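One letter stands for each residue in the lines below.
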Amino acid sequence: MIPILYDSNEISFTTNGLCRLRDAISVKVVEERNSVYECDFDYPVDGANFSQIQCGRIIGVKHDDSDDIQPFDIVSFTKPINGIVSFHAVHISYRLKGYVVDQTNVNSLADALTRLRTATPSNNFTYEADFTSTGYSGAFNGIPRSVRQLLGGVEGSILDTYGGEYEWDKFRVILHKNRGKAVDFSIRYGLNLLDYNEDLDYQGTFTTAIPFWTGDDGNGGKTIVKGNKVNPGFVPYDGHEKCAPLDLSEKFENAPTAAQLENFARSMLTSKKVNMPKQSII
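Here goes a summary of the coordinates provided. (Residues numbered from 1 in each chain as written. Predicted model: local features only at pLDDT ≥ 70, side-chain atom pairs only at ≥ 80, totals over all residues. Heavy atoms only, no water.)

Moving on to the side chain of E10. Looking at the secondary structure, you find E10 in the loop between β1 (4-6) and β2 (19-20). Among buried charged residues, E10 stands out as having no salt bridge; its nearest opposite-charge side chain is K170, 9.9 Å away. Side-chain polar atoms of E10 contact the backbone nitrogen of F13, separated by 3.0 Å. Those residues within four positions of E10 in sequence are excluded, and the remaining contacts are I58 and F171. (Helix = DSSP H or I, 4+ residues; strand = E, 2+ residues; numbered from the N terminus. Buried < 20%, exposed > 50% of the residue type's maximum accessible area, 1.4 Å probe, protein only. Lys, Arg positive; Asp, Glu negative; His and termini not counted. Salt bridge = Lys/Arg side-chain N within 4 Å of Asp/Glu carboxyl O. Polar contact = N/O pair within 3.5 Å; in protein donor to acceptor, adjacent residues only side chain to side chain. Contact = heavy atoms within 4.5 Å.)

Structure representation (structure tokens):
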């Protein structure tokens, strides 16, 4: 299939987009169970549509037996070597790292999927499962976390609590009881669904953050203080707001006020230039 280039705000993926990348030399998609889903492609600098390929735009490709395409956000590229530029893209579901949820009292898979729909900022993603399950999901404990973390990659996540295998279909997140052939697999906290080469150009960038502080309450429990979303006015490179949960627990010895958290976060976001390539606050 000839890849299709879309603008960053595309949601339907039913047209020829901005153009078809007929001069693409190679296109490779790698999908690992409950883990990476990425695309690499090479394109010549003298190709007909080279000037239109930009970080933030989307490449649509087919990679399996279905007739449907899957969208990948272009996030980095190399310097030309022998007139060829290598581009790296990640599945659009990686955007879930830029949406934050701070819900509690999740005692079933249905509860968890419903809570994900409350994410900040609002977005086009939907969540479903082909099975039901009950049990307390400890990652939903009031501490702000990204949707990607809650899906899997931290202890008490949806994947950790209820099991299953994810299918990423454009803006649909589908949790299957079983998907394909059963293979040995273990959740690696901090890796699966969460970390994906943060040193690549734009993958670690954020434009807003929700700061929080946690500490002991003196009775064996935990105190959580949360600030409102902090927006320093950064312009996202691809037009999409990316919000990060910002843990400031080590910055205050005693419980701060929400206003103190917000002021500290605003200063931190600005000084670290977290909207710029190769910068990350988590």
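On to the sheet that holds strand β11 (residues 165-169). Within the open sheet, the three strands sit side by side as β9-β12-β11. Their pairing is mixed. Strands at the two margins of the open sheet, each flanked by one partner only, are β9 (126-129) and β11. For this sheet the average axis-to-axis angle between neighbouring strands, irrespective of direction, equals 20°. Relative to strand β12 (residues 172-176), β9 runs parallel, the two being bridged by four bridges. The residue bridging A129 from the neighbouring strand is L175, located in β12. On the sheet, helix α1 (residues 109-116) packs against β9 and β12 and is oriented at approximately 170° with respect to β9. (Pairing = 2+ DSSP bridges. Axes fitted to C-alpha atoms, helices over the stretch in contact; angles between N-to-C directions.)

With that out of the way, let us pick up the pattern of salt bridges. Per the stated rule, a full pass over the model turns up ten salt bridges. In this structure, the salt-bridge partner of D169 is R172, at a minimum N-O distance of 3.3 Å. Assessed through its relative accessible area of 16%, D169 is described here as buried. Since its relative accessible area comes to 34%, R172 is described here as partly exposed. Its salt-bridge partner being E241, residue K229 comes within 3.0 Å of it at the nearest N-O pair. Within this pair, whereas K229 is found in the loop between β14 (222-226) and β15 (243-247), its partner E241 is found in the loop between β14 and β15, the two being separated by twelve residues in sequence. Residue K229 is classed as partly exposed on the basis of its relative accessible area, which comes to 37%.

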